[in-house]
Amino acid sequence: MTVGIDDQIADVMRLLHVTARPVRADQFVQVSRNAIDSPAVVGFRRADDDEDFTDWEIVSTKEDPGAAQFGYYSVEELAELRPEWLVALPLPAGWAFRFDADTLVDCVSSERRTI
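Residues numbered from 1 in each chain as written. Predicted model: local features only at pLDDT ≥ 70, side-chain atom pairs only at ≥ 80, totals over all residues. Heavy atoms only, no water.

Draft legend 1. How the structure looks around the side chain of Glu 63. Here Glu 63 lies in the loop between β3 (53-60) and β4 (70-74). Among buried charged residues, Glu 63 stands out as having no salt bridge; its nearest opposite-charge side chain is Arg 33, 9.0 Å away. A polar side-chain atom of Glu 63 sits 3.1 Å from a polar atom in the side chain of Asn 34. Side-chain polar atoms of Glu 63 contact the backbone nitrogen of Ser 60, separated by 3.1 Å. (Helix = DSSP H or I, 4+ residues; strand = E, 2+ residues; numbered from the N terminus. Buried < 20%, exposed > 50% of the residue type's maximum accessible area, 1.4 Å probe, protein only. Lys, Arg positive; Asp, Glu negative; His and termini not counted. Salt bridge = Lys/Arg side-chain N within 4 Å of Asp/Glu carboxyl O. Polar contact = N/O pair within 3.5 Å; in protein donor to acceptor, adjacent residues only side chain to side chain.)

In structure tokens form, the structure reads like this:
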């Protein structure tokens, strides 16, 4: 990750009072086909501990997650395609995020804590 993104991650984690759960460039993120090109997306991090995966599922806000078709992108690929998402990926399990274009609109914890 870049210095600018690292600073943004630190700011978000500090604002939320949470400890980051970092992701690696070689880990995979489950992303719906529509999300990559969608201006508005939501993501949710499950509590799995699979070494190869980040446990994130990201979908377009215009689709039903239950009907979405998913693929996998490495964090490194997402850094090229949707670098703004990297700011939210270190959120802990149970957290969700929403982006509108390149703006992080909000983050919500499983306890409904939000920014």
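Draft legend 2. A look at the pairing of strand β6 (residues 103-108). Pairing of strand β5 (residues 96-100) with β6 involves 5 bridges; the strand directions are antiparallel. Across the sheet, residue Phe 99 finds its bridge partner in β6, namely Leu 104. The antiparallel pairing of β5 with β6 creates a hairpin that spans 2 residues between the two strands, and Ala 101 there sits at a positive phi of about 60°. (Pairing = 2+ DSSP bridges.)

Draft legend 3. Structural detail: the nonpolar core. The biggest cluster of nonpolar side chains holds 26 residues, and the ones touching the most others in it are Val 29, Val 31, Ile 58, Trp 85, Leu 89, Leu 91 and Phe 97. Contributions of two or more residues to this core are made by α1 (3-16), β1 (28-32), β3, α2 (75-81) and β5. In terms of residue count, the dominant contributor to this core is α1 (5 residues). Apart from residues no more than four positions distant in its own chain, Ile 58 is found in contact with Val 29, Gln 30, Val 31, Ser 32, Ala 35, Val 41, Val 42, Gly 43, Phe 70, Trp 85, Leu 89 and Phe 97. (Core = buried A, V, L, I, M, F, W, Y, C linked by side-chain atoms within 4.5 Å. Contact = heavy atoms within 4.5 Å.)

Draft legend 4. Structural context of the environment of Pro 65. Mapped onto the elements, Pro 65 comes out in the loop between β3 and β4. A relative accessible area of 41% places Pro 65 in the partly exposed class. Taking the C-alpha atoms as reference points, Pro 65 and Ser 32, separated by 33 residues in sequence, lie 8.2 Å from one another. Once residues lying within four places of it in the same chain are set aside, the contact partners of Pro 65 are Glu 57, Val 59 and Phe 70.

Draft legend 5. Representation of the packing of aromatic side chains. Scanning all chains against the criterion turns up 4 aromatic pairs. Between Trp 56 and Phe 97 the ring centres are 4.9 Å apart and the planes differ by 55°, which places this aromatic pair in the tilted class. Taken as a pair, Trp 56 in strand β3 and Phe 97 in strand β5 lie far apart in primary sequence, 41 residues in all. For the pair shown, Trp 56 and Phe 97 are each scored as buried. Of the aromatic side chains, those joined through ring pairs into one cluster are Phe 28, Phe 53 and Tyr 72. (Phe/Tyr/Trp six-rings, centres within 6.5 Å; stacked < 30°, edge-to-face > 60°.)

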